[in-house]
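Listed below, chain by chain, are the residues.
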Amino acid sequence: MGSRISVNGTSFNIHDTLPHWFWSDVQNGRWEPETFRLFDRPLTPHSRFVDIGAWIGPTSLYAAQKCGSVDAYECDPVALGALRLNIAANPDLLHRYRLHEHAVGDEDAFIKIHSAEFGNSMTSIYHRQQRGTAVLQHPQSIQVGMRDARALFREKGYAADARTFIKMDVEGAEFRILPRISDVIANSRCIWFISFHEWNLNPENLPVEPFRAAQMINVLSVFASLNWYTPNLVKLDPQDVFDRVMKRTWRVQMSLVFSASALEP
């Protein structure tokens, strides 16, 4: 059994056994409304949507209504269970949807992922996070399989296709994935939508703020050859972004859009 929700005039089903407070926020525009508005612009029936960090499916189920195919990647076991139920609640989308039940990272390996509570959207490869002066420890951990992003992108050809839209929201793992595929990104034709989680970077033996700034500069540099935008498709000057990162006036939890071609707001 399922319930139907609607976002910006686009509807899909969710499974009734799942908590509904989150989906109420989605439907009422309280959860990442700018993300859904962004998807409304470039996605067409000819698009391929790649969701790395699909969680329980809000972005990929929405995108599946608009594009030709969806590749969704998720490794949190609780989120995966919910995602399977949500996909099954939309039988009309099954022919478009491919679910990949593993992490994406910088090598083929088994790794530990950590969470305060699996399924809560904040599962990460990092077990210590700092919010201001508070350090949070993730007490739960589990081992999962991980694919090498470089091999995966070459195998699937995602970045070479201008019809592909790649969304990556992986709670800090982007700092390992994106440098690994720096040459793929530099020559890409697709659209990238990346969420940066620098507050998950919390080394025990290094000053936190300089370390985070250095990591942000490193990972942003891989997009140097592309156009940069806010989620509302306001064009950005990369040098201004770098300056804000260095001065620490950069807002943590920022998401940016990158594209080889110009995008219209």
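The coordinates are above.
Basis of the calculations
- Residues numbered from 1 in each chain as written.
- Predicted model: local features only at pLDDT ≥ 70, side-chain atom pairs only at ≥ 80, totals over all residues.
- Heavy atoms only, no water.
- Helix = DSSP H or I, 4+ residues; strand = E, 2+ residues; numbered from the N terminus.
- Buried < 20%, exposed > 50% of the residue type's maximum accessible area, 1.4 Å probe, protein only.
- Polar contact = N/O pair within 3.5 Å; in protein donor to acceptor, adjacent residues only side chain to side chain.
- Contact = heavy atoms within 4.5 Å.
- Salt bridge = Lys/Arg side-chain N within 4 Å of Asp/Glu carboxyl O.

Engineer: Even after reading the chapter, I still don't get the side chain of Asn227, so can you show me in this structure?
Structural biologist: Positionally, Asn227 belongs in strand β13 (residues 227-229). A relative accessible area of 19% means that Asn227 is categorised as buried. A polar side-chain atom of Asn227 sits 3.3 Å from a polar atom in the side chain of Lys235. Engagement of the side chain of Asn227 in a polar contact is seen with the backbone oxygen of Ala260, the distance being 3.3 Å. Contacts of Asn227, omitting those with residues within four sequence positions, involve Lys235, Val257, Phe258, Ser259, Ala260, Ser261 and Ala262.

Engineer: Looking at this model, I keep getting lost on unusual backbone geometry. Mind explaining?
Structural biologist: A negative phi angle characterises most non-glycine residues, just as the trans form characterises most peptide bonds. Of note, Glu32 is a non-glycine position whose phi angle comes to about 45°, a positive value. Within the secondary structure, Glu32 sits in the loop between α1 (21-27) and α2 (33-40). In this model, Arg248 sits at a positive phi of 65°, which is unusual for a non-glycine residue. Along the chain, Arg248 falls in the loop between α9 (238-247) and β15 (255-259).

Engineer: Any chance you could explain the environment of Leu93 here in plain terms?
Structural biologist: Looking at the element boundaries, Leu93 is found in the loop between α4 (77-88) and β5 (97-100). Judged by its relative accessible area of 2%, Leu93 is buried. Residues Leu93 and Leu61, spaced 32 residues apart in sequence, show a C-alpha to C-alpha distance of 8.3 Å. Apart from residues no more than four positions distant in its own chain, Leu93 is found in contact with Leu61, Ala64 and Gln65.

Engineer: Can you walk me through the side chain of His138 in this structure?
Structural biologist: Within the secondary structure layout, His138 lies in the loop between β9 (134-137) and β10 (140-148). Judged by relative accessible area, which is 11%, His138 ranks as buried. Among the polar contacts made by the side chain of His138, one reaches the main-chain amide nitrogen of Ala116 at a distance of 3.4 Å. If we ignore the near neighbours within four places in the chain, the residues touching His138 are His114, Ser115, Ala116, Met122, Tyr126, His127 and Gln129.

Engineer: Explanation requested: the pattern of salt bridges in the structure shown.
Structural biologist: Once the charged atoms of two side chains with opposite charge are near each other, the side chains can pair. Scanning the model with the defined rule gives 17 salt bridges in all. Here Arg147 and Glu155 are joined by a salt bridge, their closest N and O atoms 3.3 Å apart. Close ionic contact of Asp183 with Arg150 constitutes a salt bridge, the shortest N to O distance being 2.7 Å. In this pair, Asp183 sits in helix α7 (residues 182-186) while Arg150 sits in helix α5 (residues 149-156), placing the two residues 33 residues apart along the sequence. Classification of Asp183 by relative accessible area gives partly exposed; the value is 28%.

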